[in-house]
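Notes for the structure review
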Amino acid sequence: MRIELTPAIVLHRRAWRDTSFIVEAFSREHGRIGVVAKGARRPKSRWRGLLEPLAALQLSWSGRGELYTLTDVETTRRHTLAGNALMAGFYASELVMRLTARDDPHAAIHDSLAALLVALDDGAPAVVALRFFERDLLDELGYGVPLDITSDTGEPVDATLEYVYAPELGLRRRVGRVDDDEVAIAGSALQGLVSGRFGGRADVHAARVLMQRAIAPHLGPQPLKSVETLKAMQAFKASQVTPTKPDHPSSGEQQ
């Protein structure tokens, strides 16, 4: 097998032996792949500084089995993410790592991840941009949440009504209390997920809770490292600040 310069996004890398990397990348045409970048850690390597996590590249590789051999790299776009945008990128790449299989092409996932990284690079709020990436990822993998009609009756979602979602039962009109295995969400938030535009912070928050509940059954018991890291960073930051008004709520948003 020999592939020449095809679009890919670096999801993860780790050191291998003394001078090389093992790189997990998501290729547009070939899905998630693992490649050995031989000698990439050497000071004079022509690939030095290119195989960074979240980098958009053109990759060539050859070989067979679980790990291929990287043969060429060209940069497509360098992202300059920091803070919440960087953590959002790590979160999205970890979702792709956990929810996709090796050598299983999903061009739509590659394009959605690429669009997310560009949006974050251009200053889009991470807490908003991630919701549309999660929506597209679930849809492409066949786990999509019904957003425009109810699962039990097929009625169109009304922006003025309240709904509940549970992975086993889908989306239904809210009637009375919300059970422990359900999440409540306004019709306006559901319509925002469909249209790509939310009407306010409450809808953004509701969409985040809904997407997390929909993704959770497919991740299993092991928590996402990016989420654990973000929580640790937020806890550390909070411990370093002496509040002037103890009863004032935090304004920070999680991804």
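Attention here is on the structure that accompanies the text. (Residues numbered from 1 in each chain as written. Predicted model: local features only at pLDDT ≥ 70, side-chain atom pairs only at ≥ 80, totals over all residues. Heavy atoms only, no water.)

**Some words on the sheet that holds strand 8 (residues 183–186)**
An order of 7-6-8 is seen for the 3 strands of this open sheet, with the pairing classed as antiparallel. Among the strands making up the open sheet, the edge pair consists of strand 7 (170–173) and strand 8. Ignoring which end each strand starts from, the neighbouring axes of this sheet average 35° apart. Across 4 bridges, strand 6 (residues 162–166) lies against strand 8 in antiparallel orientation. Looking at strand 8, one finds that glutamate 162 is bridged to alanine 186. Taken strand by strand, helix 4 (residues 187–195) contacts strand 6, strand 7 and strand 8, and its axis lies near 75° from that of strand 8. (Pairing = 2+ DSSP bridges. Helix = DSSP H or I, 4+ residues; strand = E, 2+ residues; numbered from the N terminus. Axes fitted to C-alpha atoms, helices over the stretch in contact; angles between N-to-C directions. Contact = heavy atoms within 4.5 Å.)

**Here's the deal with the packing of aromatic side chains**
For the structure shown, the criterion picks out 2 aromatic pairs. With 6.2 Å between their ring centres and 25° between their planes, tryptophan 61 and tyrosine 68 make a pair best called stacked. For the pair tryptophan 61 and tyrosine 68, a shared accessibility class is recorded, and that class is buried. Their ring planes at 15° and their centres at 5.3 Å tell us that phenylalanine 132 and phenylalanine 198 sit as a pair that is stacked. Taken together, the residues phenylalanine 132 in helix 3 (residues 126–141) and phenylalanine 198 in the loop between helix 4 and helix 5 (201–219) connect sequence positions 66 residues apart. For the pair shown, phenylalanine 132 and phenylalanine 198 are each scored as buried. The ring of phenylalanine 21 has arginine 41 sitting right over it, with the charged end atom 6.0 Å from the ring centre. (Phe/Tyr/Trp six-rings, centres within 6.5 Å; stacked < 30°, edge-to-face > 60°. Buried < 20%, exposed > 50% of the residue type's maximum accessible area, 1.4 Å probe, protein only. Lys NZ or Arg CZ within 6 Å of the ring centre and 35° of its normal.)

**Comments concerning the side chain of serine 60**
Along the chain, serine 60 turns up in strand 4 (residues 56–62). Discounting residues that sit within four places of it in the chain, serine 60 has contacts with Ile3, Glu4, Leu5, Thr69, Leu70, Thr71 and Asp72.

**A few points about the sheet that holds strand 2 (residues 20–27)**
Pairing is mixed around the closed barrel formed by 5 strands, whose spatial order is 1-2-3-5-4. Neighbouring strand axes in the sheet, compared pairwise and without regard to direction, differ in orientation by 50° on average. Where helix 2 (residues 107–121) meets the sheet, its contacts fall on strand 1 (2–16), strand 2 and strand 5 (68–77), and the angle it forms with strand 1 comes to roughly 65°.

**Here's the deal with the environment of alanine 184**
Its place among the elements puts alanine 184 in strand 8. If we ignore the near neighbours within four places in the chain, the residues touching alanine 184 are Tyr163, Val164, Arg174 and Val178.

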